[in-house]
Amino acid sequence: MLTKFETKSNRVKGLSFHGKRPWILASLHSGVIQLWDYRMGTLIDRFDEHDGPVRGVHFHKSQPLFVSGGDDYKIKVWNYKLHRCLFTLLGHLDYIRTVQFHHEYPWIVSASDDQTIRIWNWQSRTCISVLTGHNHYVMCASFHPKEDLVVSASLDQTVRVWDIGALRKKTVSPADDILRLTQMNTDLFGGVDAVVKYVLEGHDRGVNWAAFHPTLPLIVSGADDRQVKLWRMNDTKAWEVDTLRGHMNNVSCVMFHAKQDIIVSNSEDKSIRVWDATKRTGVQTFRREHDRFWILASHPEMNLLAAGHDNGMIVFKLERERPAFAVSGDSLFYAKDRFLRFYEFSTQRDTQVIPIRRPGSTSLNQTPRTLSYSPTENAVLICSDVDGGSYELYVVPKDSIGRGDSMQEAKRGLGGSAVFIARNRFAVLEKATNQVLVKNLKNEIVKKGGLPIPADAIFYAGTGNVLCRAEDRVVIFDLQQRMVIGELQTPFVKYVVWSNNMESVALLSKHTIIITNKKLGHQCTLHETIRVKSGGWDDNGVFIYTNLNHIKYCLPNGDSGIIRTLDVPIYITKVSGNTIFCLDRDGKNRTIAIDATEYIFKLSLFKKRFDHVMSMIRNSQLCGQAMIAYLQQKGFPEIALHFVRDEKTRFSLALESGNIQIAVASAKEIDDKDHWYRLGVEALRQGNASIVEYAYQRTKNFERLSFLYLITGNMDKLTKMLKIAEVKNDVMGQFHNALYLGDVQERVKILENAGQLPLAYVTAAVHRLEDVAERLAAELRDNVPNLPEGKGPSLLMPPPPITCGGDWPLLRVMRGMFDGGLDNIGKGSPDEDEDAAGGDWGEELDMADVDAALENGDIAEILEDWEGAEENVGGWDLEDLELPPEADTPKASVGARSSVFVAPTPSMPVSQIWIQKSSLAAEHVAAGNFDTAMRLLSRQLGIRNFAPLRSMFLDLHAGSHTYLRAFSSAPVISLAVEQGRNESSSPNVRGPPALVFNFSELEERLKAGYKCTTAGKFTEALCLFLGILHIIPLIVVETRREVDEVKELIIIVKEYVLGLKMELKRRELKDDQVRQQELAAYFTHCNLQLPHLRLALQNAMTVCYKANNFSTAGSFARRLLETNPTNESQAKKARQVLQAAEKSQQDASDLNYDFRNPFVVCGATYVPIYRGQKDVSCPYCSSCFVPSQEGELCAVCDLATIGADASGLLCSPSQIR
């Protein structure tokens, strides 16, 4: 049994499935009727108008209705859309046991404890027939699915079949008068609409349930005698066929399965039993611990059953419906109806291959569960749950595909799951011992081994690898090397789907999809509320999956969405372009066409393939609020702008993307105060003073306008603002403007006019306006305020503006591919854009004249000289000319020279030409494209830390350009300096950039480093060598030979950097003698020049000898003498140490150093890594490190990430050719 849904509630007495929607009605002993969505697991509605238990409930086949009958003797008809009871049918005199709608007529049949069955017309809301004859409670009654029959079961120990043919004829309107007359007679004198056709006797106790077979003339019944009886009928009689025994208590309900040849019954013995209807034997039993079962219901269309018990209900399936299949290239192998079938995707040809019949089993769920295919050997492994888990191996003859007649014996074996792991090897999971058995095609064990986790299933994970599943994790295990490749914590994984290139894998569990790479490195997780059913990868690396209701997609970044809805669940086998190939629950191959535009668009955005994005915007109907919201959320408001026609949304997106021009256009259309204010704020942030001014003018925001003129130093307009405030009689506005202007006399005048004479006097006196002060003093007489003595007054004058004049300079940016490229979308003919030809010469601001801005006649008079005034050309007396019609005017020939100046089209900057086809980081740096240079270095050399390269980047960029000043008011002109440029060079051919770093300079630095090393200036030497390592990524050489020399130089310099760092570290350690000796010893194993090696050996010999490690000191002395030192004192000292060591062949302390065993030194921890031990290396300088350092910054070159994937040094155009 596969439980799909379970509820906890009062005792469930009635159940009914909806025909189309995933709904089920449950009527409870408490009087409540619940409406559940069994897919989502949610309670949709509850209806509680019945008084007492509701024992029967049923959905109408096509109308939004259901009927219920309860212990309150009432039958209620409900409309679930209106959430209310439409009407109540009264007539029964005792509890109502069951109710059911007729599949065709507007009838309801009801069974009651009043010993009658009633048939009602729910349209006329009347009882149209009463069936009497039972002499005890009638426990159930139901219509035949096709014929005019009713079956009923009663506690009088009988099952009765009633013929209601006469009732149907009576309901169908009679054709002629004679018939109508006879009908009137029968109505008057009591005719019989329903007659008993058969009475089935055979049960020893009361019968609780009886049901018709959906197609055959069979009846099944269940009774308190604990028996299930099968009856057959023909036109004249009915008889008992067989009795099914096994229940231990009263049988409550029994029915035929709609799709399979089985009978399902449940009982008060707390069990559901499944019987084979043809063999009439028990197939399976499902038991509950404490709950008695009362009712069963089956779905009219789907393979679903429901059972009600003491504490709720369960919705379940008896068998899995997912077909077992395996995809290989263009072909699909799948199991259907006990045959192995073959389907070709390209031709859509479907053929039977071989029968896979097995002896009839006694239990359910014996169908193939998984299928694995080996294309080279044409072998198929089929796994099922037979015998607790087993497999069958078939080798299909090549010629039998398409014939389907060959019968062959399968090789069988026991095992939890079996999958092919190589051409002719398959792995079988032995759950009991947690082992994997590797077998050949003869079914012989070749190899066996334990698994790293207790697995309950294995899946294919590449040649020689298996993916092991436990309850809470999955592991990829290499069977050859016996090692774990990857591990991940997951919910219980049901299915595993690999991408076509085996680089990604999707792990599907009940409600979760986890996408990982081939080593189980987590990429994203998706949660679904509805069960996930299947999935497949498309050619772009997008995972397409299905749940019960939808086909959906999942992008590599975890974004998902719906592609289309589904009527019935499907199982994806392959995704190819816009077609999904799938199998349905009947095992039929189907193809579904999908529209991939949305997810391909989102994928192109994610991968930054903007050329694809452009063409898709141009050519497809991508739009809608969801797409705009997505673009906004992902940080592409400028793209979203091209989808939107609504001005308010355009305005918001334009502000978000900083596109002031579009924002201005939208603000004009909207013309709303709030939008102008928001535009002003954004324009101010960008320093676009003219737009700010325009926005404030439109909203008549005079205070802000005045302040804007103050900070931009526009005194003329401030003076006009003062006049405007005067006209408007705005005293505070006048005073502020006078303050901003620094106009003291005006301030005094304003204060005087406002009646503030003391303040006017103080202002005049402080600013030394004696005449005015005297006049005001005379007016004030005795009230003249005293100025404080001994204090120097400070004048209230406006601060000088930081930047005078217009807009702030804007950063020059390359025109984005979405700017302009999409502007014509949705517009008319291209001619409309002709005026934009001079766009590169600076944009013209569309300023409204002040008349429009202020809409006030008096103010307009004061401001006659505002900018907009020039537009009024009436004073020039320009009259209209009386010209002949246009047709007579000859047009200028195309070839004629125009006197209008046409601006030359700007060519591509040289710096842009440099980077167009170059993969050399140095050339990108020279062009000023630091971000692409950093990406190249990261890809080629694994460089992560760019801080040491900062000064080199700046030097290289500055050195590749020269700067000319034409005249004082013009900006400085930047010129790119090209390599090998002279007077005879062609002006149209551009050379590579002239670079300030060259290889010969590095050789000089190397020599300087050698000198410092010889002189013992280790810190200086280290700086020089590190400088070389930092410059090499930005070097460009010509020939292949020079490339090899550069690579050789990296190795030489790396050895010196490592050695010098160890020596400097040794000198810091004063107290740790053992570590001092080790570091001195390791220094001698760096690949140094001979003079430096001798010095290192002498140094190590001295350190070890002083520490009484005579044996080790002797080994250094021996190595030193082997170099034939030219310095006699060196050789003499070495001989003496060697003699002393031979006398005392011992060391005072143990060192982590074995000179006999070859090793390299870890660049971070300074410990030896002996030959055969694992190590990781720096992708740039190739220094070795212990494995624990993987992912850290290289301590030698201080640039690259240890163990990173990198393509290698690229320093010459010859490497690219």
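If you're wondering where the values come from, they're calculated on a predicted model, not measured in any experiment.

K.L.:
Can you break down the overall build of the protein residue by residue, with the values?
P.N.:
Across its full length, the protein holds 30 helices and 61 strands. Burial analysis of the protein (1217 residues in total) assigns 49% to the buried set. Of all intrachain contacts in the protein linking residues separated by at least 6 positions in sequence, the fraction that spans at least 24 positions is 47%. As presented, the protein carries roughly 61800 Å² of accessible surface, and 49% of it is formed by carbon and sulfur atoms.

K.L.:
Any details on the pairing of strand 34 (residues 379-384)? Residues and values, ideally.
P.N.:
Counted residue by residue, strand 34 has six buried out of six residues, so it is predominantly covered. Residues of strand 34 alternate between two faces, with Ala379, Leu381 and Cys383 on one and Val380, Ile382 and Ser384 on the opposite face, all of them buried. When strand 33 (residues 370-374) meets strand 34, the two strands line up antiparallel, connected through five bridges. When the sheet's bridge partners are listed, Thr370 is paired in strand 34 with Cys383. The turn linking strand 33 back onto strand 34 is made up of four residues, and Asn378 within it adopts a positive phi angle of 55°. Here strand 34 pairs with strand 35 (residues 390-395) via six bridges, running antiparallel. Looking at the pairing, Cys383 lines up with Tyr391 of strand 35. Turn length for the strand 34-strand 35 hairpin, with the two strands adjacent in sequence and antiparallel, is five residues, and the turn residue Asp387 shows positive phi of about 55°.

K.L.:
Break down the pattern of salt bridges for me, citing the residues and quoting the values.
P.N.:
One side chain can pair with another of opposite charge once the charged atoms of both are near each other. Under the definition given, this model contains 40 salt bridges. Ionic pairing is found between Arg292 and Asp310, a salt bridge with its closest N-O pair at 3.0 Å. Of this pair, Arg292 sits in the loop between strand 25 (281-287) and strand 26 (293-298) while Asp310 sits in the loop between strand 27 (305-309) and strand 28 (312-317), and the two are 18 residues apart along the sequence. For Arg292, a relative accessible area of 28% gives the class partly exposed. Asp310 sits in the buried class, given a relative accessible area of 15%.

K.L.:
Got a sec to walk through the UniProt feature "repeat: WD" (unreviewed entry) in the protein? Specific residues and values, please.
P.N.:
In the numbering used here, UniProt assigns the feature "repeat: WD" (unreviewed entry) to residues 47-88, 89-130, 131-164, 200-241 and 244-285. Its end C-alpha atoms 10 Å apart, residues 131-164 is made of 0% helix and 59% strand.

K.L.:
Quick rundown of the pairing of strand 28? Include the residues and the values.
P.N.:
Among the six residues of strand 28, six are classified as buried, and the element is accordingly described as predominantly covered. Alternating positions in strand 28 separate into two faces, Gly312, Ile314 and Phe316 on one and Met313, Val315 and Lys317 on the other, with burial throughout. Relative to strand 28, strand 27 runs antiparallel, the two sharing five bridges. Among the inter-strand pairings, Ala306 is bridged to a residue of strand 28, identified as Val315. The turn linking strand 27 back onto strand 28 is made up of two residues.

K.L.:
How would you summarise the packing of aromatic side chains if you had to cite specific residues and measurements?
P.N.:
This structure, assessed with the given rule, holds 33 aromatic pairs. Ring centres of Phe17 and Tyr38 lie 5.7 Å apart, and the angle between their planes is 85°; this geometry places the pair in the edge-to-face category. Of the two residues, Phe17 sits in strand 2 (residues 12-17) while Tyr38 sits in the loop between strand 4 (33-37) and strand 5 (42-47), which places them 21 residues apart along the sequence. Tyr38 carries the same exposure label as Phe17, and that label is buried. Here a set of aromatic residues connected by ring pairs shows up, and it is made of Trp23, Phe47, Phe59, Phe66, Trp78 and Tyr80. Sitting over the ring of Trp239, Lys237 keeps its end group 5.5 Å from the ring centre. Above the ring of Tyr495, the side-chain terminus of Arg322 is found at 3.7 Å from the ring centroid.

The rules behind the values
- Residues numbered from 1 in each chain as written.
- Predicted model: local features only at pLDDT ≥ 70, side-chain atom pairs only at ≥ 80, totals over all residues.
- Heavy atoms only, no water.
- Helix = DSSP H or I, 4+ residues; strand = E, 2+ residues; numbered from the N terminus.
- Buried < 20%, exposed > 50% of the residue type's maximum accessible area, 1.4 Å probe, protein only.
- Contact = heavy atoms within 4.5 Å.
- Areas by Shrake-Rupley, 256 points an atom, 1.4 Å probe, with all protein chains shown as cover.
- Pairing = 2+ DSSP bridges.
- Salt bridge = Lys/Arg side-chain N within 4 Å of Asp/Glu carboxyl O.
- UniProt positions renumbered as here; feature names shortened; annotations may be inferred.
- Phe/Tyr/Trp six-rings, centres within 6.5 Å; stacked < 30°, edge-to-face > 60°.
- Lys NZ or Arg CZ within 6 Å of the ring centre and 35° of its normal.

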